[in-house]
Protein chains: 2
Amino acid sequence: MRIDELPSIRHLPLFCNMATENFEALMRGAYSQSFPAGMQLVEQGAPADFLFIVVEGAVEMYAGWGKRESTMGVIRPVGCFILAACIKDAPYLMSARTLQPSKIVMLPAPDLRAVFRRDTEFAVSVINELAGAFRTVIRHAKGLKLRDARQRIAAYLLEQSRYADNANSFVLQVEKRLIASYLGMTPENLSRGLRQLETEGVRVKGMEVTVTDRDRLTEFAAPNVLLDGPDPEGSDGICLPPPTAIHPV
Amino acid sequence: MRIDELPSIRHLPLFCNMATENFEALMRGAYSQSFPAGMQLVEQGAPADFLFIVVEGAVEMYAGWGKRESTMGVIRPVGCFILAACIKDAPYLMSARTLQPSKIVMLPAPDLRAVFRRDTEFAVSVINELAGAFRTVIRHAKGLKLRDARQRIAAYLLEQSRYADNANSFVLQVEKRLIASYLGMTPENLSRGLRQLETEGVRVKGMEVTVTDRDRLTEFAAPNVLLDGPDPEGSDGICLPPPTAIHPV
DNA sequence: CGAACCCTTGACAGAAATCAACTAAGGTGG
DNA sequence: CCACCTTAGTTGATTTCTGTCAAGGGTTCG
């Protein structure tokens, strides 16, 4: 475990309130490793031996069933994933692979389970992390069940705009086929949906999104704190990363 | 707070490991109340003032968006709901209403948050509850994204059969329109789906389900621990209650 | 007995997946 | 540097699935 990664991990909501002594104990058992893009880190169904922390790069969480596959989210620095499986000592429900060259820290799950039993502040942090992650997935499930494909796209774009300080122009951070999978549709359908949304106040050209009529788009998507935010509350792999704003000159 | 409900609550995984002193402190602030069927207990968006515990009866968790509504799960005795919102001190993401006359215990959320800070065993129980609930919703979301409607129905019936000790005949515990909503489809579609599944090894007549060809149904549904169980891991309103088996004479 | 309400069925319209073809961009290797 | 290959994205044609609307049967409950 290299020293230079410790501060950024220490600042994670999950670890920032625990006793230094316990944090250091936890980190003594940690591995740090760099992976190329496209490397599978976790296979769903495998025993949860490690908690993963993304220090650099990006990791896609996805789930498979037979030949089908669906993106569940993307983890960016600094965030952790598969916390719940480690706690329950149960098989991972999602697979993970790097989208870019990434630096990953792995904490042995038994150490994790031991530490929150003797560090209340850490236990409280874990509780908050899990409660937030739960709420994020509930929102995701609500979106899938209550909105149709075009409404999900519109709400997603509006949410991305909000993350980019309500900028009217911004750049998508991940491939469209990944966004499509995350939103529960095929890439073809996302493509067509984006085209159709041009009449609802948003134009997309390549990776660049421009909100042309915010009121109209807002009326169409009917965004809602109970479905779209205000903010990602937990990091356990159930949302996509925020975009970068394009600020007008 | 009546004395006679305490033992069953005390036996909940959430409370069974905490210090008696802390449990009693928690219960001193609790209200117990009986409600008729069809009573709305919680409205999504409201501040999370209470943790709810179902002592008798049944409670439906559902979410709405505009005019649409979707069932997220049913809580039966003895189970709790909206734990995550109480912990985050954030608005409820789901509404709740009684399906039957029900006896409900309500714990003030601030008490809850105070107690797990000073009772590590309780904190660990909360962690396990939330981790389980998270995994249950992830499974639900995976099912929605990876399976089509008929496959979801088949998997649901097979899961119900498993809960009924792998009985080949059992009785559904909730209205079909509620099951339909939970599975993310209209009642009409569920009805047609059930009809079509007669060629895949299961027959449904009224509320009674009979598995006529388990191998065939299993092949069709391709059930999987990463999607369907083994068991509900958390109770926070994201699954439907198990059926009762009909044992052959 | 009537009034709801649930469930079912049919007919239809709309949505989404699939299949196929084509473009464009990026990377590789000669 | 260019030819080639791979892959993401788009578009169109088609089929399949799903929701909607409407009607009728059955049940429960007042």
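Presented here is a report on the structure given in the accompanying data block. (Residues numbered from 1 in each chain as written. Chains lettered and ligands numbered in written order. Predicted model: local features only at pLDDT ≥ 70, side-chain atom pairs only at ≥ 80, totals over all residues. Heavy atoms only, no water.)

**What about the interface of chain B and chain A?**
In step 1: At the junction of the two partners, chain B supplies 57 residues and chain A supplies 57 residues.
In step 2: Sorting the residues of chain B by area buried against chain A places W65, L93 and K145 of chain B first, and these three jointly supply 18% of that buried surface.
In step 3: At the boundary of chain B and chain A, one finds two salt bridges.
In step 4: R117 of chain A serves as the salt-bridge partner of E121 of chain B, at 3.0 Å between the closest nitrogen and oxygen.
In step 5: Between chain B and chain A we count 24 residue pairs in polar contact (both at pLDDT 80 or more) in total.
In step 6: Counting only elements with at least two residues in the side of chain B that touches chain A, the list comes to β4 (59–65), β5 (68–75), α3 (83–88), α4 (109–118), α5 (120–146), α7 (176–182) and α10 (225–228) of chain B.
In step 7: A total of 22 residues in the side of chain B that touches chain A trace back to one element, the largest contributor, which is α5 of chain B.
In step 8: A per-class count over the side of chain B that touches chain A returns 31 nonpolar, 13 polar and 13 charged. (Contact = heavy atoms within 4.5 Å. Buried area = accessible area lost by both parts, 1.4 Å probe. Salt bridge = Lys/Arg side-chain N within 4 Å of Asp/Glu carboxyl O. Polar contact = N/O pair within 3.5 Å; in protein donor to acceptor, adjacent residues only side chain to side chain. Helix = DSSP H or I, 4+ residues; strand = E, 2+ residues; numbered from the N terminus. Nonpolar A, V, L, I, M, F, W, Y, C, P; charged D, E, K, R; others polar.)

**Remarks on the relation of the copies chain B and chain A**
In step 1: When chain B is fitted onto chain A, the two copies agree to an RMSD of 0.0 Å after a turn of 180° and an axial shift of 0.0 Å. Taken together, the rotation and translation describe the operation of a two-fold axis.
In step 2: Comparing contact sets, 100% of the residues at the interface of chain B also lie at the interface in chain A, consistent with an isologous, same-surface contact. (Least-squares fit on C-alpha atoms with pLDDT ≥ 70 in both.)

**Regarding the pairing of strand β8 (residues 102–108) of chain B**
Across a regular strand the side chains alternate sides, sitting on one face of the sheet and then on the other.
Residues and elements named next belong to chain B.
In step 1: Counting buried residues in β8 gives seven out of seven residues, a clear majority hidden from the surface.
In step 2: Examined bridge by bridge, strand β1 (residues 31–35) and β8 share five bridges and lie antiparallel to one another. Within β8, the residue paired with Q33 across the bridge is I104.
In step 3: Here strand β3 (residues 50–56) runs beside β8; their pairing, made up of six bridges, is antiparallel. Note that in β8 the partner of I53 across the bridge is V105. (Buried < 20%, exposed > 50% of the residue type's maximum accessible area, 1.4 Å probe, protein only. Pairing = 2+ DSSP bridges.)

**As for the protein's contact with DNA strand C**
In step 1: Within the structure, DNA strand C sits among 17 residues, and A149, N189 and R192 of chain A together with K176 and R177 of chain B are positioned closest to it.
In step 2: A breakdown of the atoms of DNA strand C within 4 Å of the protein gives sugar and phosphate a share of 79%.
In step 3: Between a base oxygen of DNA strand C and a side-chain N or O atom of R192 of chain A, the distance comes to 2.9 Å.
In step 4: Sorting the residues of the surface near DNA strand C by element identifies α6 (149–163) and α8 (187–196) of chain A together with α7 and α8 (187–196) of chain B as the ones contributing at least two each.
In step 5: In terms of residue count, the dominant contributor to the surface near DNA strand C is α8 of chain B (four residues). (Near = heavy atom within 4 Å.)

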